[in-house]
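Residue-level structure breakdown
If you want the building blocks of each chain, they are given just below.
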Amino acid sequence: MLRRLTIALLAVAVVLGAYVYPRLGDEVPEPATSIEPARHARVAVFGATGLVGEGVLAATLRDPGVQIVHVVARRRTPELDAAVATGRARLWLHTDYLDYAALAPMLADVDAVYWALGTSTWNVTNEEYSAIHVDYPARFVTAWLAARGAQTPLSFHLVSGGGTSASAWFHWAREKARAEQTLFQLAQGTGLRVVSHRPGGVLREGARARWYSAPLWVLKPIKRAIEPTGIGRAMLEVTARGPQVPSSTILENRDLLRYANGYRVRTGR
Ligand SMILES: NC(=O)c1ccc[n+]([C@@H]2O[C@H](COP(=O)([O-])OP(=O)(O)OC[C@H]3O[C@@H](n4cnc5c(N)ncnc54)[C@H](OP(=O)(O)O)[C@@H]3O)[C@@H](O)[C@H]2O)c1
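This write-up is about the structure you can find in this document. No experiment lies behind these values; they were computed from the predicted model shown. (Residues numbered from 1 in each chain as written. Predicted model: local features only at pLDDT ≥ 70, side-chain atom pairs only at ≥ 80, totals over all residues. Heavy atoms only, no water.)

What follows concerns the pattern of salt bridges. Tallying each qualifying case throughout the model produces 17 salt bridges. When salt bridges with common partners are traced through the structure, they connect Glu27, Arg254, Asp255 and Arg258 into a single cluster. (Salt bridge = Lys/Arg side-chain N within 4 Å of Asp/Glu carboxyl O.)

Below is the structure:
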């Protein structure tokens, strides 16, 4: 039954890929008035052992303009060791995400932070979900601003999620909205830009690809999903565009696809 359903979905994906995608086309963002790749020369990735963060890390390492990626994780993996072996990534093993004192040299060095740390609502209690998605990034941003001075031009990129809403029925959706608003407020009146990235579905790619997840790629042409490296490309593009994407901007899945395409067209990657 499952196999039949998968085959049917694959057929739909092929039809959409062949006929609908060319019509919808790859969208690109507004032309940039200026691009400053130096803004993403020194970056940090949180959550790099996860589906989204791994793709974001891969995108940063593919960009020769990224000189150093500080990877903050609570465990090492062969993928992270391989990243460190490139000589452009530094691994910080860190367990307390309410306290960043041990990361002082990283806070002093990094100009853009890509935050893909998070979990499913199924894995934790509501209280734990709130701590992970609201308190962890808020404490980080507070510590970062304190370390760098309020007027330093910095950018923080939150991986939020499609369906986020302060009036949602689901606890996770309300808490993601609270995280966005908390971070936007922390950035007000400072040199920090906080941008929220709300992917719809996240597509498995590379070593994480599975046969059963292949049909989900049908969601990409209709702009409802994006692959993790696409999120990374979008983050790099938004970082390089500086204040053209101002603080408190919320990017929905379709916007992420646009910025990822903009990055690809501009850089060829
Ligand atoms: N996957 C999707 O379809 C999807 C769609 C929209 C939005 N998102 C959002 O994207 C974010 C990342 O999701 P994902 O799918 O990449 O999740 P994932 O594969 O489970 O990865 C989560 C990452 O966060 C870390 N993490 C989780 N709980 C932590 C804790 N208590 N302390 C420290 N680190 C912790 C994990 O570290 P360990 O490896 O050590 O556990 C891992 O690096 C989440 O906020 C999620 O809501 C995901």
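The next subject is the packing of aromatic side chains. Applying the stated criterion to the full structure yields 13 aromatic pairs. Consider the rings of Phe46 and Tyr97, whose centres lie 6.4 Å apart with planes at 75°: the pair is edge-to-face. Taken together, the residues Phe46 in strand 1 (residues 42-46) and Tyr97 in the loop between strand 3 (89-93) and helix 4 (104-109) connect sequence positions 51 residues apart. By the burial criterion, Phe46 is buried, and Tyr97 matches it. (Phe/Tyr/Trp six-rings, centres within 6.5 Å; stacked < 30°, edge-to-face > 60°. Helix = DSSP H or I, 4+ residues; strand = E, 2+ residues; numbered from the N terminus. Buried < 20%, exposed > 50% of the residue type's maximum accessible area, 1.4 Å probe, protein only.)

This part is about the nonpolar core. Val56, Leu57, Val69, Val71, Leu80 and Tyr114 are the most contacted members of the largest nonpolar core, which totals 34 residues. The residues touching Val69, leaving out its near neighbours within four places in the chain, are Val43, Val45, Leu57, Thr60, Leu61, Arg88, Ala89 and Arg90. With 32 residues, the next largest nonpolar core counts Leu103, Val113, Leu145 and Phe156 among its residues. (Core = buried A, V, L, I, M, F, W, Y, C linked by side-chain atoms within 4.5 Å. Contact = heavy atoms within 4.5 Å.)

What follows is about the pairing of strand 3. Two faces belong to every sheet, and in a regular strand the side chains alternate between them. Relative to strand 3, strand 2 (residues 68-73) runs parallel, the two sharing five bridges. Residue pairing for strand 3: Ala73 is matched across the bridge by Leu93. This β-α-β element, strand 2 to helix 3 (residues 78-85) to strand 3, shows right-handed connectivity. (Pairing = 2+ DSSP bridges. Right-handed = clockwise from strand over helix to strand, strands pointing away.)

Our focus in this paragraph is the site of the ligand. The full set close to the ligand counts 22 residues, and Thr49, Leu51, Val52, Arg74 and Arg75 are the nearest of them. Between an oxygen atom of the ligand and a side-chain N or O atom of Thr49, the distance comes to 2.6 Å. Measuring from an oxygen atom of the ligand, one finds a side-chain N or O atom of Arg75 at 2.8 Å. Burial of the ligand by the protein amounts to 76% of the accessible area it has alone, namely 890 Å². Of all the secondary-structure elements, those providing two or more residues to the shell around the ligand are helix 2 (51-62) and helix 5 (126-148). Top contributing element to the shell around the ligand by residue count: helix 5, with three residues. Looking at the shell around the ligand, its residues break down into eleven nonpolar, eight polar and three charged. (Near = heavy atom within 4 Å. Polar contact = N/O pair within 3.5 Å; in protein donor to acceptor, adjacent residues only side chain to side chain. Areas by Shrake-Rupley, 256 points an atom, 1.4 Å probe, with all protein chains shown as cover. Nonpolar A, V, L, I, M, F, W, Y, C, P; charged D, E, K, R; others polar.)

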